[in-house]
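So the chains spell out like this:
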Amino acid sequence: MKACIAVLALTATMASAFAPAPVNTVARHHARTVSTATPLRMSDKVFDQEAFIAESKTMRLKHLEEQAMFALKIAVENYGNAVFPNALIAGDVVITHLLHRMGYLQSGQAKVMVVDTFHLFPETMEFLREIEDFYGFKAEVFCAEGVPSGDKAAYDKKYGENLWREDIEQYDKVCKVEPFQRGLKTLKADCMINGRTRWQGFERAWIDQFENAPIGGGLAKCNPIAYWTLEDTFDYIAKYQVPHHPLHAKGYPSIGDAKDTIPIPEDGSTRFVNFKFEGDPKPWLDYASERKGRFVGLANKDGSTKTECGIHVAGAERTFDRDLWESGAVKNIASNEEALEIIKSGKEAIIAVYAPWCQFCQGMEEEFAKYAESAGVPVYKFRGDEEREFVSEHLNTKSFPTVNFVKSDGSVVKYDSEARKVEDFANFEKSFQSASV
């Protein structure tokens, strides 16, 4: 309080010293001819600038803490089911600590969920176990649909080890967006807590502490540290000695997938070790620099630099939790054996190899269904994402969708075009009838 009074007194003194004098033309004329050498004295006491800055930072952080806790109180107590998707980055460990201070982790009033993409750093899931033990809570872990938690081999078999190379948008949907949304639904979230901040970049520059999320049918989104800088975040971690991701000590300001996350600077010269910075902290703390080491080498389909994984963007609510061609003329192939029977039957057919989560398969659903109604041969669908080795060997499939014409001699010919209208499929079928005449 004394510091506040001193600051106000200093401000008043400076304001008085620099206030314009009343207009007086005589005095003004006199001032032109007579100069004064009287120096301006702010105070007899030397102003300690460093102490003032330190005091101001302490005051700021205290305010930010109270503000964040007030937002969390509303999120947890005003809503019935607050869920915190925790990515274990700097801002998220601050929120974890705040929830612990408020007793919401111990009571279970705030649930914690984590999305395992199967491409995280090994240290990330190990760190999760550490903070679970430290704070006494248990996070719910969600991953790609139909894959047991922690089973990377099962993921590779179902979705492909290189899905992220083949189609980064589908990778985001399969490994991040869909598990994220399924987690919120499973935990019956009505308010989602997350660690986004305005300081992180222009995509987030106007967020407030509360907003409607673009996912989950309009549930509320609480951004308790929306107004914090990254410096504020690390100041808080240092102040309370908050457990934080071990990769901060190896030069990573933010941590995502191991495949596209790098230290900043790349030589790892900036680190956060033993609750203080080593090296120059500016490469981390400058505006919009926290996530510079994320999504490295990745681009959106329009060629723009990738800066978001898709969880927090408009349109992320478009989940796909049903199969394709559930009714109509497209017949289902239920097994590998049934597929081989059709290939070896001596009869012509069309087989579409698909994955229900694939946006291109979804995009052709209506046109392919219409084609099947008037096709001159039986039309089948075969879900290939669960049988990748089989469809690669027998049905020419490297990506989805793949449409094949099965000839009477048992050979399988791939439809090699991106055109997927009714007439395109019909012309593909007719091309084999013409060849047989």
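None of the values given here were measured: they were computed from a predicted structure.

**Q** Help me understand the sheet that holds strand E6 (residues 220-222) in this model?
**A** Hydrogen bonding along the main chain pairs the strands of a sheet, whether they run parallel or antiparallel. The six strands are arranged E3-E2-E1-E4-E6-E5 in an open sheet whose pairing can be described as mixed. Only two strands of the sheet have a single partner each, and these edge strands are strand E3 (140-142) and strand E5 (210-212). The average undirected angle you get between the axes of adjacent strands in this sheet is 30 degrees. Running over the sheet, helix H4 (residues 90-101) touches strand E1 (82-85), strand E2 (110-115) and strand E4 (191-193) and is turned about 145 degrees from E1.

**Q** Explain the sheet that holds strand E13 (residues 412-414) to me, please; I cannot follow it from the model alone.
**A** One open sheet accounts for five strands, arranged E9-E11-E10-E12-E13; its pairing is mixed. Of all the strands in the sheet, just strand E9 (331-332) and E13 have a single pairing partner and so form its edges. Here five bridges tie strand E10 (residues 349-354) to strand E12 (residues 402-406), and the two strands are oriented antiparallel to one another. Bridge pairing in E12 links Ala352 to Val403. Along the sheet, helix H13 (residues 359-374) contacts E10, strand E11 (379-383) and E12; its crossing angle with E10, the most-contacted strand, is approximately 165 degrees.

**Q** I'm lost on the confidence of the model for the protein chain in this one. Help?
**A** It should be kept in mind that the predicted coordinates are not to be read in detail where pLDDT is low. With 82% of its residues at a pLDDT of at least 70, the protein chain reaches an overall mean of 86. Confidence drops under pLDDT 50 across residues 1-37; counting only partners more than four residues distant or on other chains, this segment forms 10 contacts. Confidence over residues 313-319 falls short of pLDDT 50; this stretch has 15 contacts with residues more than four positions distant or in other chains.

**Q** Explain the pattern of salt bridges here, please?
**A** Opposite charge on two side chains lets them pair, provided their charged atoms get close. In this structure the tally under the stated criterion is 23 salt bridges. Here Arg198 ties to Asp208 by a salt bridge, and the two come within 2.8 Å at their closest N and O atoms. Of the two residues, Arg198 is situated in the loop between E4 and E5 and Asp208 in the loop between E4 and E5; the sequence distance between them amounts to 10 residues. Accessibility expressed as a relative area gives 27% for Arg198, which makes it partly exposed. Asp260 is the partner of Lys259 in a salt bridge, and the nearest nitrogen-oxygen pair spans 2.4 Å. Residue Asp260 is classed as buried on the basis of its relative accessible area of 4%. Shared partners join several salt bridges into a network, and the residues in it are Asp172, Lys176, Asp257, Lys259 and Asp260.

**Q** When you look at the environment of Glu290 in this model, what are you seeing that I'm missing?
**A** Of note, Glu290 is situated in the loop between helix H11 (282-285) and E9. Residues Glu290 and Trp199, spaced 91 residues apart in sequence, show a C-alpha to C-alpha distance of 8.4 Å. Apart from the residues within four sequence positions on either side, Glu290 is in contact with Ile89, Gln200, Leu230, Pro253, Ser254 and Trp284.

**Q** I would appreciate a short explanation of unusual backbone geometry in the present structure.
**A** As a rule of thumb, non-glycine residues mostly have phi less than zero, and peptide bonds are mostly trans rather than cis. Each neighbour pair has its own omega, and for Ile264 with Pro265 the value is -10 degrees, a cis peptide bond. Of note, Pro265 is situated in the loop between helix H10 (230-240) and strand E7 (271-273). Of note, the amide linkage connecting Phe400 to Pro401 takes the cis form, showing an omega dihedral of -5 degrees. You will see that Trp325, though not glycine, has its phi angle at about 50 degrees, which is positive. Here Trp325 is to be found in the loop between H11 and E9. A relative accessible area of 3% places Trp325 in the buried class. Its identity is not glycine, yet Asn396 carries a phi of approximately 55 degrees, on the positive side. With respect to the element layout, Asn396 can be found in the loop between helix H14 (388-394) and E12.

**Q** Looking at this structure, how should I read the nonpolar core?
**A** One recurring pattern in soluble globular proteins is that nonpolar side chains are buried together. With 52 residues, the main nonpolar core has Tyr155, Ile350, Ile351, Phe368, Leu395 and Val403 as its most contacted residues. At six residues, E10 tops the list of elements feeding residues into this core. Ignoring any residue separated from it by four or fewer positions in sequence, one finds Leu395 in contact with Ile343, Ile351, Val353, Phe382, Phe390, Thr402, Asn404 and Val412. Grouped together as the second largest cluster of nonpolar side chains are 45 residues, Ala82, Tyr104, Met125 and Ala220 included.

Cut-offs applied
- As a convention, each chain's residues are numbered from 1 in the sequence order in which they are written.
- Only residues with pLDDT of 70 or above have their local features reported here, since the model is predicted, and side-chain atom pairs are shown and tallied only from 80 upward, although totals for entire chains, interfaces and linings are computed over all residues.
- Computation of side-chain values: all heavy atoms of the structure, hydrogens and water removed.
- Pairing between two strands requires that DSSP report at least two bridges joining them.
- Secondary structure elements are taken from DSSP: a helix is a run of H or I of four residues or more, a strand is a run of E of two residues or more, and numbering for both begins at the N terminus.
- To get an axis, fit a line to the C-alpha atoms, keeping to the stretch in contact for a helix; angles then go from 0 to 180 degrees between the N-to-C directions.
- Here, residues are in contact when the closest pair of their heavy atoms is within 4.5 Å.
- Every residue carries a pLDDT, the predictor's confidence in it, which falls somewhere between 0 and 100.
- The rule for a salt bridge is simple: a side-chain nitrogen of Lys or Arg has to be within 4 Å of a carboxyl oxygen of Asp or Glu.
- For each residue, the accessible area found with a 1.4 Å probe, counting protein chains only, is set against the maximum for its type, and the residue is called buried under 20%, exposed over 50%, and partly exposed in between.
- Definition of nonpolar core: a set of buried residues of the types Ala, Val, Leu, Ile, Met, Phe, Trp, Tyr and Cys, connected through side-chain atoms within 4.5 Å.

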